[in-house]
Amino acid sequence: MTSLPDQGHHPALAEARRLVVKIGSALLVDDDGQIRRPWLDALADDVAALMKRGCEVLLVSSGAIAVGRRHLGLTHKAPRLEEKQAAAATGQIRLAHAYQESLARHDITVAQILLTLEDTEERRRHLNARSTLNTLLRLGTLPVINENDTVATTEIRVGDNDRLAARVAAMLGCDSLVLLSDIDGLYSADPRQSPEAAFIPEVAEITPEIEAMAGVAPTGYSSGGMVTKLTAGKIATGAGCRMAIADGRRLHPLKAVDEGARCTWFLASVEPRTARKRWIAGSLKPSGRLVVDAGALKALKSGKSLLPAGVTAVEGRFERGDAVLVCDPAGQEVARGLAAYSAADARRILGHKSREIEAILGYRGREELIHRDDLVVS
């Protein structure tokens, strides 16, 4: 097999501050439906080393269906959808327990999160999932995320966890995503079928030419393939997150990537924060308006969040997470962002100090009406 010369080590893991790692079924589970514990322990060692140096890590792990099929005796090659969902229900418990045991050796607390793609796309569910995951990371916990296969339908039959991992990376503003696979990166053609296929060490943009290099999804438990990995790459890099496709079959696969093992890096042209700000500025249709006083206007221009004390009027009908315009006393747009409260609640707390919110609304929400991370000043 010939390949292009390696263009050097891209120190993405050395630079990573928030990293998503996607683990495929074929890496974690053997042909008999048994979890590969030595491999999992080696991965846990890698994760612990990254966390020790200050990197926040999230795992998106396949394998529940593969593990559950064995324990339910579903050994036939083409289980029905309801059988896959039943397998996921029993396999997920065993999978979570395996992660818990392996990472406990490093005193790392594990949290299980089950998501569907809709949880990352529908606005309020997106915000709830994002808030929960951010809180777990702040508390030093390692989230282990899987597709909620017991209730999902089409997601099971698509390359779900590649895309799910990219959606999680975009949702949380991650700077790096690693897809651990049974191949060490992108080739100009499927190297299993074309020995002359050239290795592609770096992709600056996923063009139609790059997409044409993807092969078909492999058979077996894996539902992914290079096609879904490139789809994930588009999602991740569009959100400012670089992505690697790396060989996960070896022990200590993340350590290998960190030390310069061959893999394909898909580069992002912007930082995650910049990408999110662009999305807020140009991709959302505002549902209402907040009018602010001169003091709040000055605070916004200095990069601060919008507090309820500086709001003088709330217009329109919107829910938590909807896009709203922020206008000066003359009615001119000065910013736009994602509201942390519905219009009804915003009207009740406008003009009040943040410490009064709980007493007024009966629950403790955010201190800000729009957090600065969710705000774009015009």
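Keep in mind it's a predicted model, so treat the numbers as computed, not measured. (Residues numbered from 1 in each chain as written. Predicted model: local features only at pLDDT ≥ 70, side-chain atom pairs only at ≥ 80, totals over all residues. Heavy atoms only, no water.)

As for helix α5 (residues 81-104)
The end-to-end C-alpha distance of α5, which contains 24 residues, comes to 34 Å, matching closely the 34 Å that a straight helix rising 1.5 Å per residue would cover. Of the positions making up α5, those classed as buried are E83, Q85, A87, A88, G91, Q92, L95, A98, Y99, S102 and L103. (Helix = DSSP H or I, 4+ residues; strand = E, 2+ residues; numbered from the N terminus. Expected span 1.5 Å × (residues − 1). Buried < 20%, exposed > 50% of the residue type's maximum accessible area, 1.4 Å probe, protein only.)

Focus on the pattern of salt bridges
According to the stated counting rule, one finds 20 salt bridges in the structure shown. Between K234 and E211 there is a salt bridge, and its shortest N-O distance comes to 2.8 Å. Of this pair, K234 sits in helix α10 (residues 226-238) while E211 sits in helix α9 (residues 208-211), placing them 23 residues apart in sequence. A salt bridge links E315 to R289; the shortest N-O distance between them is 2.9 Å. Of the two residues, E315 is situated in strand β12 (residues 311-316) and R289 in strand β11 (residues 288-292); the sequence distance between them amounts to 26 residues. E315 gets classed as partly exposed once you look at its relative accessible area, which sits at 34%. Here the salt bridges share partners, and the residues they tie into one network are K22, D162 and K229. (Salt bridge = Lys/Arg side-chain N within 4 Å of Asp/Glu carboxyl O.)

Some words on helix α12 (residues 272-282)
Within α12 the residues assigned to the buried category are P272, A275, R276, K277 and I280. Buried-residue contacts for α12 involve α7 (123-138), α10, β14 (333-338) and β15 (375-377). (Contact = heavy atoms within 4.5 Å.)

Topic: the side chain of K22
One can find K22 in strand β1 (residues 18-23). In this structure the side chain of K22 is engaged in a polar contact, spanning 3.2 Å, whose partner is the side chain of D162. The residues touching K22, leaving out its near neighbours within four places in the chain, are V60, S62, N161, D162, A165, V178, L179 and L180. (Polar contact = N/O pair within 3.5 Å; in protein donor to acceptor, adjacent residues only side chain to side chain.)

Concerning the nonpolar core
The biggest cluster of nonpolar side chains holds 42 residues, and the ones touching the most others in it are V20, L58, I145 and L177. When residues of this core are assigned to their parent elements, the largest contribution, six residues, is made by helix α8 (residues 160-171). With residues near it in sequence (within four places) discarded, I145 still touches L58, L59, V60, S61, I113, L115, L133, L164 and V168. Among the nonpolar cores identified, the runner-up in size contains 37 residues, and L13, A244, A246 and V257 belong to it. (Core = buried A, V, L, I, M, F, W, Y, C linked by side-chain atoms within 4.5 Å.)

Digging into the sheet that holds β11
Sheet strands pair by backbone hydrogen bonding; their relative direction is either parallel or antiparallel. Taken together, five strands build an open sheet; the order of strands is β12-β11-β13-β14-β15 and the sheet is mixed. The sheet is open, and its two edges are formed by β12 and β15, each paired on a single side. Within this sheet the neighbouring strands show an average axis-to-axis angle of 20°, counted without direction. Sheet topology places β11 next to strand β13 (residues 323-327); four bridges connect them, and they run parallel. Its bridge partner being in β13, L290 is matched across the sheet by V326. In the packing of α12 onto the sheet, contacts are made with β14 and β15, and the angle to β14 comes to roughly 110°. (Pairing = 2+ DSSP bridges. Axes fitted to C-alpha atoms, helices over the stretch in contact; angles between N-to-C directions.)

Some words on unusual backbone geometry
Note: most peptide bonds trans; most residues except glycine with negative phi. Phi is positive for D107, close to 55°, though the residue is something other than glycine. In this structure, D107 sits in the loop between α5 and β3 (110-115). In this structure D107 comes out as exposed when scored by relative accessible area, which is 75%. We note that H252 has phi near 55°; this positive angle belongs to a residue other than glycine. Residue placement: H252 occurs in the loop between β9 (242-247) and α11 (253-258).

Description of the confidence of the model for the chain
Per-chain confidence: the chain averages 87 in pLDDT, with 90% of residues scoring 70 or above. Contacts of residues 155-159 to residues separated by more than four positions or lying in other chains number 16 contacts, the stretch itself having pLDDT below 50. Counted against residues more than four places away or in other chains, residues 217-223, with its pLDDT under 50, gives 13 contacts. (pLDDT = per-residue confidence, 0-100.)

Digging into the packing of aromatic side chains
Applying the stated rule across the entire model yields two aromatic pairs. Centroid distance Y187 to F199: 5.4 Å. Interplanar angle 65°. Geometry classified as edge-to-face. Taken together, the positions of Y187 in strand β6 (residues 186-187) and F199 in strand β7 (residues 199-200) put the pair twelve residues apart, joining distant regions of the chain. Y187 sits in the buried class, given a relative accessible area of 5%. With a relative accessible area of 0%, F199 lands in the buried category. For the pair Y341 and Y363, a centre-to-centre distance of 6.4 Å together with 35° between the ring planes defines the contact as tilted. In this pair, Y341 sits in the loop between β14 and α14 (343-349) while Y363 sits in the loop between α15 (357-361) and β15, placing the two residues 22 residues apart along the sequence. (Phe/Tyr/Trp six-rings, centres within 6.5 Å; stacked < 30°, edge-to-face > 60°.)

What to know about the side chain of H371
Mapped onto the elements of the fold, H371 is located in the loop between α15 and β15. A residue is classified by how much of its surface remains accessible, and H371, at 18% relative accessible area, is buried. At 3.0 Å, the side chain of H371 and the backbone nitrogen of D373 are in polar contact. For H371, the residues in contact, after removing those within four places along its chain, are S305 and R366.

Considering the pairing of β3
Across a regular strand the side chains alternate sides, sitting on one face of the sheet and then on the other. Covered by surrounding structure in β3 are A111, I113 and L115 only, the residues V110, Q112 and L114 on the alternate face being uncovered. Across six bridges, β3 lies against strand β4 (residues 142-147) in parallel orientation. Bridge pairing in β4 links A111 to P143.

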